[in-house]
Amino acid sequence: MGLSVDQQVKRILDGVDEFLPSEGDLRARIESKGTLRVKLGLDPTHTDLTIGHAVVLQKLRDFQDMGHTAVLIIGDFTALVGDPSGRSKSRPQLTEADIAGFAKTFADQAGHILDMDKVEIRYNSEWLAKLSMRETIELTQKITVARMLERQDFSTRYKGEIPIYVHEFLYALLQGYDSVAVEADIELGGTEQKFNLLMGRQVMPDYGQEPQMVLTMPLLVGTDGVEKMSKSLGNYIALTETPRDMFGKVMSIPDNVIGNYFQLAVGRTADEVAAMERAMEQGQNPMDFKLDLAEAITARFHSPEIAKEERDNFKAAFSDRDKEAIAEEVIVPEHLIVRVPLPDAKQYTEDDLAFYAIINLGEGVEGVMLLDIVPAMVELGMVGTGNEARRLISQGAVKLSGRRISPDDKLVPIKDGELLEVGKKKAYRVHLQ
RNA sequence: GGUGGGGUUCCCGAGUGGCCAAAGGGGGCAGACUGUAAAUCUGUUGGCGACGCCUUCGGAGGUUCGAAUCCUCCCCCCUCCA
């Protein structure tokens, strides 16, 4: 608020990957118009936004804070077409009902970052659905097939004998038309959006408008540390992630992208990041930085208090290997429990006996309870199939009260409230009815 | 419309009559190790109350004791020609 033009330009360009055509144009437009219309389009193709989206949303928020108008476009129409950017195959076709559902949650999620009181939200079906065939054809006359094929997404697909559909060519043009419809001064996007953003620039003059400027933000790398964070690759951290998963997923990133995350996800400056990287090179444990990072990210999207709790939990669960902390409560259905009178139980070793709960089977007969372990793991949702359960057991991944279950144990002695561990990451507190 | 190549398990990609639930890689999962859910190494990766049975190699039929593999028709992708 009330920043000078120079200050604004500086803040706008902070952390961007590229600004086109030039800083001079940006300055000139702010000077002549005062308030700029800043466009960001999101296609509702999945249920949730990721912290990768947050990078660009935060930039949009910066514009808001300086008094500019944020125009958030929910691409309910373009989602139907499918953005080919960065894709090695066509998107699966979504139904309008899917998209409508996603669109609703998108606006809510964007609200975590944007000032929703001041944002202008538009659905692009508002104008795109109304385009006539004639208008559509006019739009397609703005670009040649050769230029379309130039873009890498298409050329690699073409060379790789992977189908490209005609409607995919339309995508960038439609996005460009969005800019016409909202009279954008600047459009934001990730670096992979450059082609689409420039299309707006190309199209706008034909509709008598001054071409928009283009601002791209660096991409946040996914949790695998290699690919771009994306929902289709499954390497993402959603904004709606539970604090536990959010913290955990940050901890799972490779060390070499810690800096990338600090800079993009929590807005640390390049200098701060460089200092951290130096410290790590000199032998400081990267895990400590990652804990700070995970806490900062969780704090940003949840709250500092929750983030602190998750940090403690993480240390307990993984550094100290405390399964109690992460155990999930489950109740075992009666039909998975076998009650055996004591004489039968005697065939088990003395070592086992320590784990038996002696119960009264009625009529003065004492017995023990045994759990049918494989079906139990399936029915309680710990694994997907019986084979998976058997596999885990034979790999020594399943433990009851710290004791490894062997593949020979079909029925295992069990007491109420015991801790069942399935691998390193999952644990269950087992309750009998 | 014609021509040549191709459609294999989550993905990529071998396999061209039985030894194929199908090589190899990726991804996933597990174990060991560790500084973490990183890296590395090793194992594992269709289902099933399982030394056997069921489902799977674009789809539908057929040949055969036996088919991912051969034949017929169909669908789809890519190439080149129109």
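All values reported here derive from a predicted model rather than from experimental measurement.

Caption draft 1: Broad picture of the confidence of the model for chain A. Here chain A shows a mean pLDDT of 84. Residues at 70 or above account for 93%. Across the interfaces of the predicted complex, the ipTM metric reaches 0.83, alongside a pTM of 0.75.

Caption draft 2: View of the packing of aromatic side chains. Under the counting rule described, the total for this entry stands at two aromatic pairs. Residues Tyr177 and Tyr207 carry aromatic rings whose centres are separated by 5.6 Å and whose planes lie at 75° to one another, so their mutual orientation is edge-to-face. Pair noted here: Tyr177 is in helix α10 (residues 166–182) and Tyr207 is in the loop between α11 (194–203) and β6 (213–217), with a separation of 30 residues, a long-range link. Using a relative accessible area of 15% as the deciding quantity, one classes Tyr177 as buried. Seen from their ring centres, Phe247 and Phe314 are 5.7 Å apart, and the 40° between their planes marks the pair as tilted. Here Phe314 lies in helix α16 (residues 304–319) and Phe247 lies in helix α12 (residues 243–251), a separation of 67 residues in the sequence. Phe314 shares its class with Phe247; the two are buried.

Caption draft 3: Quick look at the environment of Phe154. Along the chain, the position of Phe154 falls in helix α9 (residues 152–159). In this structure the C-alpha to C-alpha distance between Phe154 and Gly364, which are 210 residues apart in sequence, comes to 78 Å.

Caption draft 4: The arrangement of unusual backbone geometry in detail. In this chain, Leu20 is followed by Pro21 through a cis amide linkage whose omega measures 0°. Among the structural elements, Pro21 can be located in the loop between β1 (18–20) and α2 (23–33). Of note in the backbone geometry, Glu183 takes a positive phi value of approximately 50° without being a glycine. Looking at the secondary structure, you find Glu183 in the loop between α10 and β5 (186–190). Positive phi values are uncommon outside glycine, yet Ser401 reaches one of about 50°. Secondary-structure assignment places Ser401 in the loop between β11 (398–400) and β12 (403–404). Owing to a relative accessible area of 33%, Ser401 belongs among the partly exposed residues under this scheme.

Caption draft 5: Spotlight on the side chain of Gln109. Position of Gln109 among the secondary structure elements: in helix α5 (residues 96–110). When neighbours within four sequence positions are excluded, Gln109 is seen to be in contact with Thr47, Asp48, Leu49, Leu239 and Thr240.

Caption draft 6: Up close: the packing of helix α13 (residues 258–266) against helix α14 (residues 270–281). With their axes 10 Å apart at the nearest point, α13 and α14 run at an angle of 160° to one another. Taken together, the axes of α13 and α14 lie roughly antiparallel to each other. Considering the relative orientation of α13 and α14, their crossing is right-handed. Along the contact surface, α13 presents Ile258, Gly259, Phe262 and Gln263, while α14 presents Ala270, Val273, Met276, Glu277 and Met280.

Caption draft 7: Spatial organisation of the protein's contact with RNA strand B. Around RNA strand B, a shell composed of 31 residues is seen, among which Ser252, Asp255, Arg321, Asn387 and Arg390 lie nearest. When the atoms of RNA strand B within 4 Å of the protein are sorted by group, sugar and phosphate make up 64%. The contact in question runs from a base oxygen of RNA strand B to an N or O atom on the backbone of Met251, over 2.8 Å. One of the side-chain N or O atoms of Arg391 is found 3.5 Å from a phosphate oxygen in RNA strand B. When contributions to the surface near RNA strand B are tallied by element, the ones reaching two or more residues are α12, α15 (286–301), α16 and α20 (386–394). If you tally residues by element for the surface near RNA strand B, the top one is α20, at five residues. Along the lines of polarity and charge, the residues of the surface near RNA strand B split into 11 nonpolar, 10 polar and 10 charged.

Caption draft 8: Representation of the pattern of salt bridges within the structure. Summed over all chains, the structure comprises 23 salt bridges. Between Arg311 and Asp292 there is a salt bridge; the shortest N-O distance is 3.0 Å. In this pair, Arg311 sits in helix α16 while Asp292 sits in helix α15, placing the two residues 19 residues apart along the sequence. Overall, Asp292 belongs to the partly exposed group, its relative accessible area being 37%. The shortest N-O distance in the salt bridge between Arg339 and Glu334 comes to 2.6 Å. The exposure class of Arg339 is partly exposed, given its relative accessible area of 37%. If you follow the salt bridges from partner to partner, you end up with Arg11, Lys59, Arg61, Asp62 and Asp65 in one network.

Caption draft 9: How the structure looks around the sheet that holds strand β15 (residues 426–432). Across the sheet, which stays open at both edges, the five strands sit in the order β7-β15-β14-β11-β12 with mixed pairing between neighbours. The sheet is open, and its two edges are formed by β7 (328–332) and β12, each paired on a single side. In terms of strand pairing, β11 meets strand β14 (residues 418–422) through three bridges, oriented antiparallel. Bridge assignment links Val398 to a residue of β14, and that residue is Val422.

Caption draft 10: Quick look at the nonpolar core. Core analysis: the biggest nonpolar cluster contains 62 residues, and Ile51, Ile186 and Tyr261 have the highest contact counts within it. When residues of this core are assigned to their parent elements, the largest contribution, seven residues, is made by helix α3 (residues 51–65). Look past the residues within four positions of Ile51 in its chain and what remains in contact with it is Leu220, Met229, Ile237, Leu239, Tyr261, Ala265, Ile297 and Phe301. Core analysis: the second largest hydrophobic core is formed by 28 residues, Met369, Met382, Leu400 and Ile405 among them.

Caption draft 11: Representation of the sheet that holds strand β3 (residues 69–74). With mixed pairing, the six strands of this open sheet are ordered in space as β1-β6-β5-β2-β3-β4. Each end of this open sheet is capped by a strand with a single partner; those strands are β1 and β4 (120–123). Ignoring which end each strand starts from, the neighbouring axes of this sheet average 20° apart. By the bridge criterion, two bridges tie strand β2 (residues 37–42) to β5 in an arrangement that is parallel. Bridge pairing in β5 links Lys39 to Glu187. Contacting β2, β3 and β4, α5 crosses the sheet at an angle of about 155° to β3.

Quick notes on the rules
- Residues numbered from 1 in each chain as written.
- Chains lettered and ligands numbered in written order.
- Predicted model: local features only at pLDDT ≥ 70, side-chain atom pairs only at ≥ 80, totals over all residues.
- Heavy atoms only, no water.
- pLDDT = per-residue confidence, 0-100.
- Phe/Tyr/Trp six-rings, centres within 6.5 Å; stacked < 30°, edge-to-face > 60°.
- Helix = DSSP H or I, 4+ residues; strand = E, 2+ residues; numbered from the N terminus.
- Buried < 20%, exposed > 50% of the residue type's maximum accessible area, 1.4 Å probe, protein only.
- Contact = heavy atoms within 4.5 Å.
- Axes fitted to C-alpha atoms, helices over the stretch in contact; angles between N-to-C directions.
- Parallel < 35°, antiparallel > 145°, perpendicular 65-115°, else oblique.
- Left-handed = near helix turned anticlockwise from the far one by under 90°.
- Near = heavy atom within 4 Å.
- Polar contact = N/O pair within 3.5 Å; in protein donor to acceptor, adjacent residues only side chain to side chain.
- Nonpolar A, V, L, I, M, F, W, Y, C, P; charged D, E, K, R; others polar.
- Salt bridge = Lys/Arg side-chain N within 4 Å of Asp/Glu carboxyl O.
- Pairing = 2+ DSSP bridges.
- Core = buried A, V, L, I, M, F, W, Y, C linked by side-chain atoms within 4.5 Å.

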